[in-house]
Amino acid sequence: MGFEWCALIAATLWAVAALISVKPARHLGAFAYSRWRMLMVTLMLATGSLFTGGWQQLPFSAWPTLALSGLVGIFIGDTALFACMNRLGPRRSGLLFSCHALFSALLGLWLFGEALSGQRLWGAMLVLSGVWLAIAFGRRSQDHDWETVRGTLWVGVGLGLLAALCQSLGAVIAKPVMANPAVDPVTASGVRMAAALLAHSLLRLTRMPLSLPERPINREILALISVNGFLAMALGMTLILVALRFGDVGMVSILSSTTPVILLPLLWWHTGSRPTLPAWIGALLATTGTALVLSA
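Residues numbered from 1 in each chain as written. Predicted model: local features only at pLDDT ≥ 70, side-chain atom pairs only at ≥ 80, totals over all residues. Heavy atoms only, no water.

Asker: Which residues make up the packing of helix 1 (residues 3-28) against helix 9 (residues 219-246), and what are the values?
Answerer: Between helix 1 and helix 9, the shortest axis-to-axis distance is 8 Å and the interhelical angle comes to 155°. With respect to helix 9, the element helix 1 is oriented roughly antiparallel. Relative to helix 9, helix 1 is oriented so that their crossing is left-handed. For the contact of helix 1 with helix 9, the residue count by class is 26 nonpolar, 4 polar and 2 charged. (Axes fitted to C-alpha atoms, helices over the stretch in contact; angles between N-to-C directions. Helix = DSSP H or I, 4+ residues; strand = E, 2+ residues; numbered from the N terminus. Parallel < 35°, antiparallel > 145°, perpendicular 65-115°, else oblique. Left-handed = near helix turned anticlockwise from the far one by under 90°. Nonpolar A, V, L, I, M, F, W, Y, C, P; charged D, E, K, R; others polar.)

Asker: So what's going on with the state of the cysteines? Which residues, and what values?
Answerer: For the coordinates displayed, the defined rule picks out 0 disulfides. In this structure Cys 166 is not part of a disulfide, and its nearest cysteine sulfur, from Cys 84, lies 13 Å away. (Disulfide = S-S within 2.5 Å.)

Asker: Give a detailed account of the packing of helix 7 (residues 153-178) against helix 9, specifying residues and quantitative values.
Answerer: Each pair of packed helices can be summarised by the angle the axes make with each other and by the distance between the axes. Between helix 7 and helix 9, the shortest axis-to-axis distance is 9 Å and the interhelical angle comes to 65°. Where helix 7 crosses over helix 9, the handedness of that crossing is right-handed. Note on element contacts: helix 9 touches helix 7 through Leu 241, Leu 244 and Arg 245, opposite Ala 171, Ala 174, Lys 175 and Met 178. In terms of residue class, the contact of helix 7 with helix 9 is made up of 5 nonpolar, no polar and 2 charged. (Contact = heavy atoms within 4.5 Å.)

Asker: Go over the side chain of Thr 259 with me, naming the residues and quoting the values.
Answerer: Relative to the assigned elements, Thr 259 resides in helix 11 (residues 259-271). Excluding residues that lie within four positions of it along the chain, Thr 259 makes contacts with Ala 11, Trp 14 and Ala 15.

Asker: Quick one: what's the story with the nonpolar core, residue by residue and with numbers?
Answerer: Formed by 45 residues in total, the largest nonpolar core has its most connected members in Leu 66, Met 193, Met 233, Ile 240, Leu 244 and Val 252. Mapped onto this core, the elements with two or more residues apiece are helix 1, helix 2 (30-52), helix 4 (62-97), helix 7, helix 8 (185-205), helix 9 and helix 10 (249-256). Looking at which element gives the most residues to this core, the answer is helix 9, with 10 residues. Those residues in contact with Leu 66 that sit more than four places away from it in its chain are Leu 58, Ala 174, Val 177, Ala 188, Val 191 and Arg 192. Counting 12 residues, the second-largest nonpolar core is a separate cluster that includes Val 22, Ala 32, Phe 82 and Met 85. (Core = buried A, V, L, I, M, F, W, Y, C linked by side-chain atoms within 4.5 Å. Buried < 20%, exposed > 50% of the residue type's maximum accessible area, 1.4 Å probe, protein only.)

Asker: How would you sum up the pattern of salt bridges? Please name residues and give values.
Answerer: Under the counting rule described, the total for this entry stands at 2 salt bridges. One salt bridge in this structure joins Glu 220 and Lys 23, with 2.5 Å as the shortest N-O distance. Taken together, the residues Glu 220 in helix 9 and Lys 23 in helix 1 connect sequence positions 197 residues apart. Close ionic contact of Arg 37 with Asp 78 constitutes a salt bridge, the shortest N to O distance being 2.3 Å. (Salt bridge = Lys/Arg side-chain N within 4 Å of Asp/Glu carboxyl O.)

Structural data, given as structure tokens:
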């Protein structure tokens, strides 16, 4: 399986996980939700790494880099994303988060000399255009609770763009480490997650108001967090690290940014509101662009 398919599968897992995350994120608040999710995923990845023996194979020099990647991409990026979603809903937050593809492409060009050309360039442009069309015009009405803007709109927009930038920076930081074939992707994900969990735990010890849960956790919320963490982080982020080993940062990010397009039919199924014609045109453009990339 090529790196392109790894990125697309990760995008699909993120779309499914986005629906699952709305209820627990609003129940606990962005910081408490992120902290619980990181705890569950760290346990999952640590268990998997013990079975693969990846802890023993991970070079010591890779630990600080992966930890920094986790602090930027997960501790800051994920927390900002869920704070954005709590304010703007999954559709708008998906639109803002898809900007990480553009950020990553520019960073890859600047830092690694990556370049898109020919069929892949046209495909990438179609994917980005399709994602923006599909989400910007994805809803017929604003009557569903997930479409309600809570708080100040521009604060939510800023959080979404911050999440996208941190996701890009986290991928760029991890790229040189993942180029080493001796690095186990499951273990690398575990180190990134553990670093983010440690930062969240230290923040919780300060008892800052924003770090405290808005409501007590219960079994249902914990189950939703566990499923979401397994799909989005244990599987999705590990697949992204695998893709980064073999592919360019920009291309991996562009393909993984198709999450909002994949989310459209899922939102239709959940809310009962059919996406608009521009949304379907956007989905078609994104699908065509993906096909061009895969066939190049």
